[in-house]
Amino acid sequence: MQAIKAYTQIYGDIDGQEILNKIERCGRVCYKSESKIEEGSAAKFVAGIIKQGHETVLEHASVTVKFVVDRGVSHEIVRHRIASYCQESQRYCNYSKDDFGSEITFIIPEYIEYKSSAWNMWKTAMSEAESSYFELLNYGLTPQEARAVLPNSTKTELIMTANLREWRTFFKLRCDKAAHPQMREVTIPLLKDFQELIPVVFDDIGVGV
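Not measured: the values here are computed from a predicted model.

Remarks on the overall build of the protein chain
Then step 1. Secondary structure assignment for the protein chain yields 7 helices and 6 strands.
Then step 2. Helices (α) and strands (β) of the protein chain occur, in sequence order from the N terminus, as β-β-α-α-β-α-β-β-α-α-β-α-α.
Then step 3. The globule rule puts the C-alpha radius of gyration for 209 residues at 17 Å, and the 21 Å found for the protein chain is more than 25% above it.
Then step 4. For the protein chain, the spread of C-alpha atoms along the principal axes amounts to about 70 × 35 × 25 Å.
Then step 5. Residue burial in the protein chain is summarised as follows: out of 209 residues, 43% are buried.

Points about the pattern of salt bridges
Then step 1. Going through the model one piece at a time under the given rule, you end up with 10 salt bridges.
Then step 2. A salt bridge links Arg168 to Asp204; the nearest nitrogen and oxygen atoms lie 2.8 Å apart. One end of the pair, Arg168, is in helix H6 (residues 164-174); the other, Asp204, is in the segment after helix H7 (181-197), with 36 residues separating them in the sequence.
Then step 3. The partly exposed category is assigned to Asp204, whose relative accessible area is 48%.
Then step 4. Each member of the salt-bridge network shares a partner with another, and the members are Lys66, Glu88, Lys155 and Glu157.

Here's the deal with unusual backbone geometry
Then step 1. Here Ser102, not a glycine, exhibits a phi torsion of approximately 55°, which is positive.
Then step 2. Turning to its location among the elements, Ser102 is positioned in the loop between strand S4 (84-87) and strand S5 (105-107).
Then step 3. Exposure remark for Ser102: the relative accessible area of 33% places this residue in the partly exposed category.
Then step 4. The phi torsion at Lys115 lies on the positive side, around 65°, for a residue other than glycine.
Then step 5. Note on placement: Lys115 falls in the loop between S5 and helix H4 (117-138).

What about the side chain of Ser153?
Then step 1. Tracing the backbone through its elements, the reader meets Ser153 in the loop between helix H5 (143-146) and strand S6 (155-163).
Then step 2. Overall, the relative accessible area of 11% leaves Ser153 in the buried class.
Then step 3. Beyond its immediate stretch of four places on either side in the chain, Ser153 contacts Asp70, Thr105, Phe106, Ile107, Trp122 and Met126.

Regarding the state of the cysteines
By definition, a disulfide links the sulfur atoms of two cysteine residues through a covalent bond.
Then step 1. Taken as a whole and assessed by the stated rule, the structure comprises 0 disulfides.
Then step 2. Free of any disulfide, Cys26 has its nearest cysteine sulfur in Cys30, 8.9 Å distant.

Some points on the environment of Arg79
Then step 1. Following the sequence through the fold, Arg79 ends up in the loop between helix H3 (71-77) and S4.
Then step 2. Sequence-wise, Arg79 and Phe170 are 91 residues apart; in three dimensions their C-alpha atoms are separated by 9.9 Å.

Side note on helix H2 (residues 41-52)
Quick reminder: α-helices carry 3.6 residues per turn. Residues three or four places apart thus point the same way.
Then step 1. Here H2 contains 12 residues, and its C-alpha end-to-end distance of 17 Å stays within 8% of the 16 Å for a straight helix at 1.5 Å per residue.
Then step 2. Among all positions of H2, only Ser41, Ala42, Phe45, Val46, Ile49 and Ile50 are buried. Looking straight down H2, one finds that the buried residues subtend no more than 160° of arc, so they occupy a single side. The outward face of H2, more than 90 degrees from its buried face, is lined by the exposed residues Lys44 and Lys51.
Then step 3. Downstream of H2 by a residue or two, Gly53 has a phi angle that is positive, lying close to 80°.

About the thresholds
- Residues numbered from 1 in each chain as written.
- Predicted model: local features only at pLDDT ≥ 70, side-chain atom pairs only at ≥ 80, totals over all residues.
- Heavy atoms only, no water.
- Helix = DSSP H or I, 4+ residues; strand = E, 2+ residues; numbered from the N terminus.
- Rg over C-alpha atoms; globule rule 2.2 N^0.38 Å.
- Buried < 20%, exposed > 50% of the residue type's maximum accessible area, 1.4 Å probe, protein only.
- Salt bridge = Lys/Arg side-chain N within 4 Å of Asp/Glu carboxyl O.
- Contact = heavy atoms within 4.5 Å.
- Disulfide = S-S within 2.5 Å.
- Expected span 1.5 Å × (residues − 1).
- Arc of directions from axis to C-beta.

Pasting the structure below:
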């Protein structure tokens, strides 16, 4: 077995200023105020529509992110329905094959102290799950059948594409102090990346403590 930390990766080169320019060009159609577009006007326009609650304009820009998380976290991510997803399939992925190093990868629960009694208990449980999975395959079960013994800690890769309005909703919910600690482990750094890459749009979203 292999144990790794959860992480995210933003796909593609993000030009934050061009995103603001696009949103402004789209949004000003509502007011027929295209003549007011000038250098530096996009940031002020976008800040204004967010303050007014006119966030539908933000749906004209989207960002794609790869999440490498455990299955439990992925189940919460896909609850955000205004998004498109692709996810590693346990029905078709056979972890006994060389493509996967003939082992199962698990996501380390960051809230458990490394090498503590709880850590050792978790590691033993994951090792036993891996052994049971391989034994079921040897008995003739298919991967989609053998996956029944795999726990929430099993690593999965998930691609999420959403518009900026949905990303705002996502971060407000998933960075909140009430969110699962393993969700916050990836969403808080991701929010900071979004804030650095795309001006204005995410500046008003804080992180619960």
